[in-house]
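So you can see what is in the structure, the chains are spelled out below.
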Amino acid sequence: QVQLVESGGGLVQAGDSLRLSCAASGRSFSSYHMGWFRQAPGKERQFVAAISWSGGTTYYTGSIKGRFTISRDSAKNTVYLRMNSLKPEDTAVYYCAARQGAPSSDAIKYDYWGQGTQVTVSS
């Protein structure tokens, strides 16, 4: 069992930066691949980024490549999403998720989810 708690969201202006954190508790966090997803009002949950259990491999959706960076600190049981050059279209609730097996962009393949943190980007 893994419990995930996101933090770091907020209201920012276009062009600003934020760093989201996802603190994990439970067993064997280091064996889980981690992902970040987001969901805007009225839209489906969208893959943002994923990182392998070792941190050696990362994946990003096309719209955020070059602006967002996913990383993990296994000593702190924490995954981060650094978001630079934020745009109004990045406004959403951001969720972190964990799964075993291979990293995936498919939300249905993740076993554990946090409660989400709101990111609002004003123009």
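Everything that follows concerns the structure shown earlier in this document.
Residues numbered from 1 in each chain as written. Predicted model: local features only at pLDDT ≥ 70, side-chain atom pairs only at ≥ 80, totals over all residues. Heavy atoms only, no water.

Asker: Any chance you could explain the pattern of salt bridges here in plain terms?
Answerer: Two side chains with opposite charge may pair up if their charged atoms get near one another. Inspection of the entire model under this criterion finds two salt bridges. The shortest N-O distance in the salt bridge between R38 and D90 comes to 2.9 Å. With a gap of 52 residues between them, R38 in strand β4 (residues 33–39) and D90 in the loop between β8 (78–83) and β9 (92–99) connect regions that are remote in the sequence. With respect to class, R38 is no different from D90; both count as buried. The salt bridge partner of R67 is D90, with a shortest N-O separation of 2.8 Å. With a gap of 23 residues between them, R67 in the loop between β6 (58–60) and β7 (68–73) and D90 in the loop between β8 and β9 connect regions that are remote in the sequence. Here R67 and D90 have matching classes, each one buried. (Salt bridge = Lys/Arg side-chain N within 4 Å of Asp/Glu carboxyl O. Helix = DSSP H or I, 4+ residues; strand = E, 2+ residues; numbered from the N terminus. Buried < 20%, exposed > 50% of the residue type's maximum accessible area, 1.4 Å probe, protein only.)

Asker: Whenever I open this one, the environment of S17 confuses me. Can you help?
Answerer: Mapped onto the secondary structure, S17 falls in the loop between β2 (10–13) and β3 (18–26). Considered as a pair, S17 and Y112 are 95 residues apart in the sequence and their alpha carbons are 27 Å apart. Excluding residues that lie within four positions of it along the chain, S17 makes contacts with R82, M83, N84, S85 and L86. Among the polar contacts made by the side chain of S17, one reaches the side chain of N84 at a distance of 2.9 Å. (Contact = heavy atoms within 4.5 Å. Polar contact = N/O pair within 3.5 Å; in protein donor to acceptor, adjacent residues only side chain to side chain.)

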